[in-house]
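Coordinate analysis (summary)
Now for the letters of each chain:
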Amino acid sequence: MPEPRPEDDGTRAGAVIAPPPGETPSGGAWDEAAARHRIIDFLSAFSIETTPREAARIADYRDHLRPRTVVYIAHVPGSAYDGVIELAKRLRGEGFHPVPHLAARSLTHRERLAEYLARLSGEADVEQILFIAGDYRSPVGPFESTLDVLETGLFERYGIGKIGVAGHPEGNRAMGRSVLRDALVRKNAYAARSAAEFYIVTQFGFDASAIVTWERSIREDANLLPVHVGMPGLASLRTLIKYALGCGIGPSMRLLTQNASSMANVVAIPAPDQMIAALAQHRADPECAIAGVHFFPFGGLRHTAQWLHATIDGKFTFREGGARFDVDATPG
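**As for the side chain of H101**
Tracing the chain through its elements places H101 in strand β3 (residues 97-103). At a separation of 3.3 Å, a polar atom in the side chain of H101 contacts the side chain of E49. Not counting the four nearest positions on each side in its chain, H101 is found in contact with E49, Y72, I73, A74, H75, Y81, Y116, L130 and I132.

Printed below as a string of structure tokens:
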């Protein structure tokens, strides 16, 4: 994966730049109906994330999400997997499609992995999982990477037919870009010989241009896995900065701090409309690998879901020549 190019005027090669009012990026007349369709299509099968801790504050997920929504369950480092299993059972019972996280470096031994997969499959009818290395400086057991765990063959044995793996458009502090590139090549190779369906879920970010540049670069590396872009939900700028600092996402941090020039902005709740509009436009490229979008609500699941449902229902108005849009997310 190529190193980021130096920045001069705040843009990079491959950046998605908002078109002038009334025009498309190619200079032609802007088609509002087509732009609206692209955004709705991009968001229509969104997935969203929750945690066992957040679940304790939610009486019923059906109060906030529509039936059959794909709901990922994050595993907090250092916590037991029992909470993830119980939440997967609850979500399945409430009519959703649970997708638990599995962190390779958190697994103490192969038998523990087998037990976890058996319970997820048998008790919650889980058929899809997101597989990450995990935020551990060193593994607590025998598994250093996701590939180490995949090669056990246990996923196929327990009926896990769809597997998400991590993507890093803005890099990873623990691994260099050459390591990330090699890992993605190896994941593609494993996917090619596996009966499971593989896809990529990226770290969250706020910079569409970084995602576009990365998506083009992995195409050059012969990536064949569909990409689901990680995106922030509706949370305060203070909260977003906190999580961005924890993940070490560079270009996105610069965008956030530019917007945090006053205390009023720090407590505001920014919407991801500009990023969505840019990526929906990029997906018009027939070779684009972006297949969907995954939201990290950071505790703001209800507000994020309301905003998304209103957008999917077409309750939004364009501005800035289609580069942004405002959503009427008023309930009812």
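Structure's up, so let's keep going.
**Description of the pattern of salt bridges**
In this structure the tally under the stated criterion is 19 salt bridges. For E215, the salt bridge goes to R219, with nearest N and O atoms at 2.7 Å. On the criterion of helical spacing, the pair formed by E215 and R219 is a turn pair, its members being four residues apart in helix α8 (residues 208-220). Taking relative accessible area as the criterion, E215 reaches 0% and is therefore assigned buried. Salt bridges linked by common partners bring D82, E86, K89, R119 and E123 together as one network.

**A short note on empty space enclosed by the protein**
Empty space among the atoms becomes visible once a probe the size of a water molecule is rolled across them. Throughout the structure, instances matching the rule amount to one cavity of 30 Å³ or more. Taken as a whole, the largest cavity encloses approximately 40 Å³ of empty space. Along the walls of the largest cavity sit R181, L184, V185, N188, I218, D221, A222 and N223, which together make up its complete lining. For the lining of the largest cavity, the leading source of residues is helix α7 (residues 177-193), giving four residues. A per-class count over the lining of the largest cavity returns four nonpolar, two polar and two charged.

**Let's talk about the environment of A74**
Topologically, A74 is positioned in the loop between β2 (70-73) and α3 (82-93). Remark: the alpha-carbon pair of A74 and V84, spanning ten residues in sequence, is separated by 7.6 Å. Contacts of A74, omitting those with residues within four sequence positions, involve E49, T50, T51, P52, V84 and H101.

**Section: the side chain of K187**
In this fold, K187 is placed in helix α7. Buried within the structure, K187 lacks any salt-bridge partner; its nearest side chain of opposite charge belongs to D182, at an N-O separation of 10 Å. Aside from chain neighbours lying at most four places away, what touches K187 is T146, L147, V165 and A166.

Conventions adopted
Residues numbered from 1 in each chain as written. Predicted model: local features only at pLDDT ≥ 70, side-chain atom pairs only at ≥ 80, totals over all residues. Heavy atoms only, no water. Helix = DSSP H or I, 4+ residues; strand = E, 2+ residues; numbered from the N terminus. Polar contact = N/O pair within 3.5 Å; in protein donor to acceptor, adjacent residues only side chain to side chain. Contact = heavy atoms within 4.5 Å. Salt bridge = Lys/Arg side-chain N within 4 Å of Asp/Glu carboxyl O. Buried < 20%, exposed > 50% of the residue type's maximum accessible area, 1.4 Å probe, protein only. 1 Å grid on protein atoms, 1.4 Å probe; cavity = no way out; pocket = protein on both sides within 12 Å on 5 of 7 lines; lining within 4 Å. Points joined across faces, edges and corners; volume = space filled by probe spheres on them. Nonpolar A, V, L, I, M, F, W, Y, C, P; charged D, E, K, R; others polar. Lys, Arg positive; Asp, Glu negative; His and termini not counted.

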